[in-house]
Structure formats: C-alpha cells, structure tokens
Amino acid sequence: MEQEIKQIDRGWLEGAAKTITFIVTKDCQLACKYCYLVGKNENERMSIETAKAAVDYILDTRDFFNEESVIWEFIGGEPFLEIDLIDNICDYIKTQMFVKNHHWFNSYRFNFATNGINYNSSKVQNFIKKNWTHLSIGITIDGTKIKHDLNRVYKNSEKGSYDDVVLNIPLWLNQFPTSGTKVTISSPDIPYIKESVLHLYSLGIHEVNINVVYEDVWKEGDELKFEEQLLLLADEIIDNGFYKDYVCSFFSETIGKPMDINSDNRNWCGAGRMLSIDAAGNFYPCTRFAQYSLRSKSARIIGNIKDGIDKNKVRPFIVLDRIVQSKQECIECNVASGCGWCQGENYDISETGTISQRSTAICKMHKARVRANNYYWNKLYRKLEIDGTPKDIIKRVKNNPSFC
C-alpha cells in the first residue's frame, strides 16, 4: 500500500518571479519581542502618489524588470492597517499593466504576511473577494497560546495577541486552505517547539514554516534544548503518521550535506534581485536594508522613484556568492547545506559596513537541526520499510527534495 508524504509548497514559480515590496506603513498593533523591525513608528505611511510613481517606473523599465512574472508584496509594520491605500495601489497596478500591455498582466500575485488581528474586517474581506484569483495571504501564529503570547504582544503592553489571532484562523483556512504559517524561534521559546507545531496542525494548518532568528540571541546550551525538542517532534510526526498530511520545514532532505564550491556557490539571500520601496520613495535591495530594519548601520539606498535604480549600487549584491562571504570553516563544513543567512543582518553586524561578512550566529543551532533531521529521516525510512511500502516509493521519497 502506497503511503503519501506531504510535500512542502515551494512557492509560486519557485522564486522565478520578481518580488517587489511596498513598505506601506511602519506601524503595527504588536511589538513582537523578536521583531527585526527596530524602527517601527506611526508616522511613516506611503502616499498613493509615491506608490503610483514607483509602479510607473517599474512597469516602464522592462530591461531591468524582465522576469516572466511578478509578486507585488505589501508589508509594514502590519500591512492591513493600510487596506484602503493597498486597495488603491492594487487597482492602479492592474490598470497600468493592462494599459501598458505589460507581460506581467495576468501573471502576477499580491502577497501579504499579516498578524491576523483585523483579518475579518469588512474592508480586508472585500479586498480578498475583489482580488481572489491573484492573492496569497499568510497569517502568523506562533503555536500554542503560551508560545505565541511569549513574544507576540500588543505595543505599550504585555498583553498577548493569541486569542485575537486564533479567532480568524478558521476564516483564513477556509479561504486559503493550502496556506502555511510562519513560526519564529528565539531563545526563550525553545521549550515550546514540539507542542506548538502539533497545536498548529490541530488548528488545521498543514504547512508550518519555521525558523530560528538569525540575530545573535542564542545562549549556551540552547542548541541542545533545540535538538531535544526536534527529536520529540520527529517522534510525534512519524509515530502518529502526520508526515502524510502535514509539513514542518525543520525536517528537510536537502540539508546537512557538504557543499561544492563550484556547483553550490549561490548566495542564500535574494537581496538585490528583489526591490523594496518606502514611504519616501527610496529603493532598497531588500526591506532589511531600510533604516527601520537596522540597529547600527545606515540605510542602504539603491535609488528612488525620481532618479530610478543606480545599477552600480545593485551590482555588489548581484555578484555575491557563498564563498565570498563565508569563513573557511563554513566553506569546509560537512553539514553546510541548509545553513542560511540574512544579507541585511550580515551588513548590520559587520565591522566595516560590508555586505560580504557572513553572520554565523546560528551555527550551533543549524548543526543541532541537522542531527535531529538525520534522526527524522532514518526513522521515517525504517518505518516505511517495516510497513511494507514498496521500494520504488521509498526511493522516490529519498530522491525528491520537495518532501518534508
């Protein structure tokens, strides 16, 4: 009897689309303790005139924006605080793509990551109905009430937001049943990983995309606690057959292997190939290079809506690869695959302001994940063999990097 294993949704066109991000507001109802947006405020809000100017420049500069498809992304803060503005921007985008006979017309997506608090508002729901066929929305819920409320609290208070968010999960899943949530792990919430992933499964969320923060927040011994939680989670997923219908991105066949300096030398991050726009009309290689994302460095601006993109300021990002920014121990690491970094964080922690100095704060956490990941796959293969799964199915599982 064949046993199906749930696959990870790798995303629309698997990264082939251009991602263009509008920072429509820097305000948010929450003050999440692990949030990298250190400069959130209530004052900086994008105008429709700035947004239109950005759209016009992008659609008219086809030699630079020549990807087959596009993801128009809206972030904050909390983007749905500006749903009226977003609605107007999206109407303008659709109209101009049609008027200009642009190759992105009908090959686009509007993308949102929201805290979910005002998801059920009439304005948000009307926007969803209006743009249904070109829409992707993810609600962030961190797991159990204890884990979620540990970090995701309302600003100016310590009140957790779990109760307000979980109320909107059924509506969201009814509208976007295949959507996943994004879970963030920091040092204080390590003990809640296993029960949080299982809790999200129980809510009907079939894909849990989960990662540790790249910032240097880790304490001595965190990696051992992390590994223990992943081992317990692996047992639960396999023993209860959750692998057939649910995904947890911590377990991946593609991680924990050496990397070749020639064939595996791509940059982990997409900075420079994406574009972000803020309320002032400035362009950034990624949102993490805007000032409200940086703790110690100045914003890295690559252009603006008036003068366009300065290709000389983009070029350093385009030529980045793994070898250029890695220490020798990282290049030679036996479990290097799957160990990522954030280009903005690299820049923020660098001594000289370079983007070529890789942050290695998650090194021990990655190695712990690899050990748990090996345990997971060895146990799963053994279970499939004992259960009588045909060898060709097991081979297909092993050879398919998209399996969880």
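Small disclaimer: the values here were computed from a predicted structure and weren't measured.

Enquirer: Can you break down the confidence of the model for the chain residue by residue, with the values?
Expert: When pLDDT is averaged along the chain, the result is 93, and 93% of the positions lie at 70 or above. Throughout residues 400-404 the model reports pLDDT below 50, and contacts reaching past four residues in sequence, or to other chains, amount to 23 contacts.

Enquirer: Outline the sheet that holds strand β9 (residues 282-284), supporting the account with residue identities and numerical values.
Expert: Read across the sheet, eight strands follow the order β4-β3-β2-β1-β8-β9-β10-β11 without closing on themselves; strand pairing throughout is mixed. Looking at strand neighbours, the two that pair on one side only are β4 (135-139) and β11 (308-309), the edges of this open sheet. Where strand β8 (residues 275-277) lies against β9, two bridges are found, and the strand directions are antiparallel. When the sheet's bridge partners are listed, serine 276 is paired in β9 with tyrosine 284.

Enquirer: How would you sum up the environment of leucine 275? Please name residues and give values.
Expert: When you line up the elements, leucine 275 lands in strand β8. Look at leucine 275 and you get buried, because its relative accessible area is 2%. Placed 202 residues apart in sequence, leucine 275 and glutamate 73 show a C-alpha to C-alpha distance of 10.0 Å. Setting aside chain neighbours within four positions, we find leucine 275 in contact with Thr19, Ile20, Thr21, Ile58, Phe65, Phe283, Tyr284, Pro285, Ile302 and Ile309.

Conventions we followed
Residues numbered from 1 in each chain as written. Predicted model: local features only at pLDDT ≥ 70, side-chain atom pairs only at ≥ 80, totals over all residues. Heavy atoms only, no water. pLDDT = per-residue confidence, 0-100. Contact = heavy atoms within 4.5 Å. Pairing = 2+ DSSP bridges. Helix = DSSP H or I, 4+ residues; strand = E, 2+ residues; numbered from the N terminus. Buried < 20%, exposed > 50% of the residue type's maximum accessible area, 1.4 Å probe, protein only.

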